[in-house]
Each structure stands twice: as C-alpha cells, then as structure tokens.
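The chain contents come next:
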Amino acid sequence: MGEEGTEGTVHLLCLAASSGVPLFCRSSRGGAPARQQLPFSVIGSLNGVHMFGQNLEVQLSSARTEDTTVVWKNFHDSITLIVLSSEEGTSELRLERLLQMVFGAMVLLVGLEELTNIRNVERLKKELRASYRLVDSFLGDSERIGDLTQCVDCVVPPEVSLLQEALSGFTEAAGTAFGSLVVSGRVVAATESWWRLGTPEAVLLPWLVGSLPPQAARDYPVYLPHGSPTVPHRLLTLTLLPGLELCLLCGPRPPLSQLDPQLLDRWWQPVLDPLRTCVPLGPRALPAGFPLHVDVLGLLLLHLELKRCLFTVEPSGDQEPSPEQRRRLLRSFYSLVTATHFPPEPGTPEDKVEDAAQRAQVPRACYLVSGPEEPGTGWRLVALQLGPRRLLLLVSAQSPTHGLRSLATHTLHALTPLL
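Only a predicted model underlies this, so the values are computations on that prediction, with no experimental measurement involved. (Residues numbered from 1 in each chain as written. Predicted model: local features only at pLDDT ≥ 70, side-chain atom pairs only at ≥ 80, totals over all residues. Heavy atoms only, no water.)

**Student:** Which residues make up the packing of aromatic side chains, and what values go with them?
**Tutor:** The tally for this structure, following the rule as stated, stands at four aromatic pairs. Geometrically, the ring pair formed by Phe24 and Tyr132 is edge-to-face, given 5.6 Å between the ring centres and 65 degrees between the ring planes. Of this pair, Phe24 sits in strand E2 (residues 22-29) while Tyr132 sits in helix H5 (residues 132-139), placing them 108 residues apart in sequence. Both rings, one in Phe75 and one in Phe103, keep their centres 4.3 Å apart while their planes meet at 10 degrees; by these two values the pair is stacked. One end of the pair, Phe75, is in strand E5 (residues 69-75); the other, Phe103, is in helix H2 (residues 92-110), and 28 residues separate them in sequence. For the pair shown, Phe75 and Phe103 are each scored as buried. (Phe/Tyr/Trp six-rings, centres within 6.5 Å; stacked < 30°, edge-to-face > 60°. Helix = DSSP H or I, 4+ residues; strand = E, 2+ residues; numbered from the N terminus. Buried < 20%, exposed > 50% of the residue type's maximum accessible area, 1.4 Å probe, protein only.)

Put into structure tokens, the structure is as follows:
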C-alpha cells in the first residue's frame, strides 16, 4: 500500500462546462500550495476528451497513466472539476471526494445560483477567489480528515456537559438555534440544530473557520450547499481563547454588535477553565490521560450514522513514523477499506439496494502490514466495524499480528462512550 499523499503534485482545474473557459486552477506539491500551473493546451485537452465522451453519451470519470491519476466530475451541467494527482498511492475515492468538497466549498461561499446560471465569467472568477483558501486547505497535508471521510472532525473535551450547557444558553440568548465551539477546525460541542446540518455544510463550516486567519470576530456570509444553496446565511464567529472560536449560524439577526462582552462574560466566564482544556485538543482529539495501548500510533474512529469522527496521530508521538507519515498511512488505509472491504456507508445509493444476503458476506475486520515483512518490522494497520462505528488503528511493528483484532476491539470499547 502506497502512502497516500507522499511527495507529488496535485492540480485542480475548475471550468465552465458549456464553454470550457477555466475559472481557476489551484496546485499543491508535497502537501504545500504551489504556483506551478498547467499549460492551457493541457487544460484544453483534459476538458476536450471529457466533452468528447459526453457527446457520445459516454461518462469519463477517471483515468490512470504510469504516474498520474485523473478524475473528472460535472456538477449541474454547469461546472466541470478536474483533478490530477501524481502523489504515490492516491486513490480514486480520495480524488472523487476531494472534488465533492471543492464544489461544496464553491457553493458555500458563492451560492449555487451563480454557479449554475453563469452570466458573467469574469465576475464569477473574481467571486471564486473567496474560496481559494478553503480549496487550498483540501489540497494540502491537513491534520483533519473530514474531507475524505465526509464526517465532522470532532474532539472530546474533559467537561463537555458544562460547555454544552453554556453553549445552549448563549445561543438561546443570542436568538439562534445553531451554535458550536470549534478548535483548530474541529467541533468541541454543538447544539442539536447544528448537528442536524446536512452534508457537506456540517463538515465545511468548521473547516472554513479553521482555514481562516485568526480574527477576534467575523460576520461571514455563507450558503448551505444542502440546506440553503441559493439564500445566504450569516456565520458569526467570536474568539473566546486563541484557537478556540464560538460559531453561530443565523439570518439577518442578531447583529454582531449585539453579542457584546457582557453577554459573553455571563455565559463563558464561569466555564473559563473547561474552555482552556479545549485549546490543546486540536491535533490530540482525546482528553489528556485517555488510556490507549502503548502500541497505538494513530487512530480514526467514525460514527457512520452521526457522521462524526475522531482522528489523531498524537499517541506515542516520539516514535517513528512521523505524524505526517501516520496521517498518510491512515488516510490511505481508510480509502482502501472503504472502497474494497467494508459495506457502503449509510445514506449512499449502494447501501439502499444492498440486500440482507450480501450484508451477511461483508467482513467486519481486516489488517495490513505496511513495509518489510520480517518479524518485528513494518507498521500494522487494522480496521474493525461494529454497528455504526468503524475504527482504524495504526499500530507499531512490535505488536503481533495475531493480537490486532483483540487490540482493536478493546480500543473500540474504550472509545465508544466518547462517540
């Protein structure tokens, strides 16, 4: 299994489907933004072969060369997105979901009407610049994984009930039902209405907040790709502590000025200490001192019905591989088991047509050894699914393969109360 995201280049092209006019091109190399642009002749050829297939009623969705994977996707017969990746081990699943997230980001910040009824190409190009920072964060080497899993990245604070109570009280006082606490682009706590937001906005909103430069307060117009793609809402953010932001989704009211320091102090001053414990939770996700086996180097826990996930590569941080390698290994393993081993995730069309006999045949666990096969070498990756939860673990080479399922089962039982 190649490490998805190792050194390579990713090019993302956005074109008007009817004319083939490029709207933007974004690139990354080795997980960092790059200025390298594709020649116009290459862009034209990639779009031309896709249009040629459409004219023959053939849907061209992906192609592979010796060192590059290409995926095409058309949205609403108006926008064509194309991604090319020369990163080793990149899966088509990852690139397809990348394109879905990119189009969701475009709708979030520009609105569906502007994208499906293009009146002025040059004006649309200018409006789409607002999405560059968010789009680039999907192309880079992120510490989050919601772009791939399509689940909300979460963290688990030690005193979540206190924070939940304060959040519910504050949102009610502010006159909105939609509120959340976000640390480094991950949700710490949220109101019931916020959790009921559809996909992809439930993933995109905290990701957007995590991608923006620090600011004491924001009043940001957003569209909800699933819930309100043509009528904008307002995303209000207030920084409670460095890296920890309070987010409200609302209509014309309340004005940002109404959220004055007195209202903030009333609800958040009493829980200042629990708030402080949230700040370091970003990459760690789990409370300090949570009992994980010493061999666990990283984990991804998904709740497929709630569409939430916990993702961390912080355990045993001083051991090899590096945090970046751990994230790549887990992302690549997720793509592999999702595409080949486990049943389609709830809510997908495939899931609705799958019958009981097929369900009886699907595996509930699998493992993989990455690297040399000699005893005591190579990292172990194990996946286990029980009910709505799926756990992926990256385990050190010292852990015997015959004990992987037991280790995964024990870890899943320990994590179940958290998600």
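**Student:** So what's going on with the UniProt feature "domain: FUZ/MON1/HPS1 first Longin" (unreviewed entry) in the protein? Which residues, and what values?
**Tutor:** On the UniProt side, "domain: FUZ/MON1/HPS1 first Longin" (unreviewed entry) is annotated at positions that read residues 11-137 here. A distance of 13 Å separates the end C-alpha atoms of residues 11-137, which is 43% helix and 27% strand. (UniProt positions renumbered as here; feature names shortened; annotations may be inferred.)

**Student:** Could you give an account of unusual backbone geometry, with specific residues and numbers?
**Tutor:** Note: most residues except glycine have negative phi, and most peptide bonds are trans. Going from Thr199 to Pro200, the amide bond is cis rather than trans, its omega being 15 degrees. Note that Pro200 resides in the loop between helix H8 (192-195) and helix H9 (201-211). Put simply, Arg253 and Pro254 share a cis peptide bond, and its omega is 5 degrees. Within the secondary structure, Pro254 sits in the loop between strand E12 (244-250) and helix H10 (261-268). The phi angle at Glu57 is positive, at roughly 60 degrees, despite the residue not being glycine. Assignment of secondary structure puts Glu57 in the loop between helix H1 (40-55) and strand E4 (62-64). Given the relative accessible area of 79%, Glu57 is considered exposed.

**Student:** Explain the side chain of Gln385 to me, and be specific about the residues and the numbers.
**Tutor:** One can find Gln385 in strand E16 (residues 379-386). Within the structure, the side chain of Gln385 is placed 2.6 Å from the side chain of Arg390, a separation counted as a polar contact. Residues in contact with Gln385, not counting those within four places in the same chain, are Leu304, Phe342, Pro343, Arg364 and Arg390. (Polar contact = N/O pair within 3.5 Å; in protein donor to acceptor, adjacent residues only side chain to side chain. Contact = heavy atoms within 4.5 Å.)

**Student:** How would you explain the sheet that holds strand E14 (residues 308-312) if you had to name every residue and give the values?
**Tutor:** Here we have six strands laid out as an open sheet, ordered E7-E14-E13-E17-E16-E15, and mixed in their pairing. The outermost strands of the open sheet, each flanked by one partner alone, are strand E7 (152-153) and strand E15 (365-370). Note that E16 and strand E17 (residues 389-395) share seven bridges and pair antiparallel. Across the sheet, residue Leu386 finds its bridge partner in E17, namely Arg389. Seen against the sheet, helix H13 (residues 323-340) touches strand E13 (296-303), E14, E15, E16 and E17 and runs at an angle of roughly 135 degrees to E17. (Pairing = 2+ DSSP bridges. Axes fitted to C-alpha atoms, helices over the stretch in contact; angles between N-to-C directions.)

**Student:** Quick one: what's the story with the packing of H2 against H9, residue by residue and with numbers?
**Tutor:** Two elements in contact, H2 and H9, have axes separated by 10 Å at closest approach and are oriented at 75 degrees. In terms of orientation, H2 and H9 fall into the roughly perpendicular class. For the pair H2 and H9, contact is made by Met101, Gly104, Ala105, Leu108 and Leu109 and by Val203, Leu204, Leu205 and Leu208, respectively. Along the lines of polarity and charge, the residues of the contact of H2 with H9 split into eight nonpolar, one polar and no charged. (Parallel < 35°, antiparallel > 145°, perpendicular 65-115°, else oblique. Nonpolar A, V, L, I, M, F, W, Y, C, P; charged D, E, K, R; others polar.)

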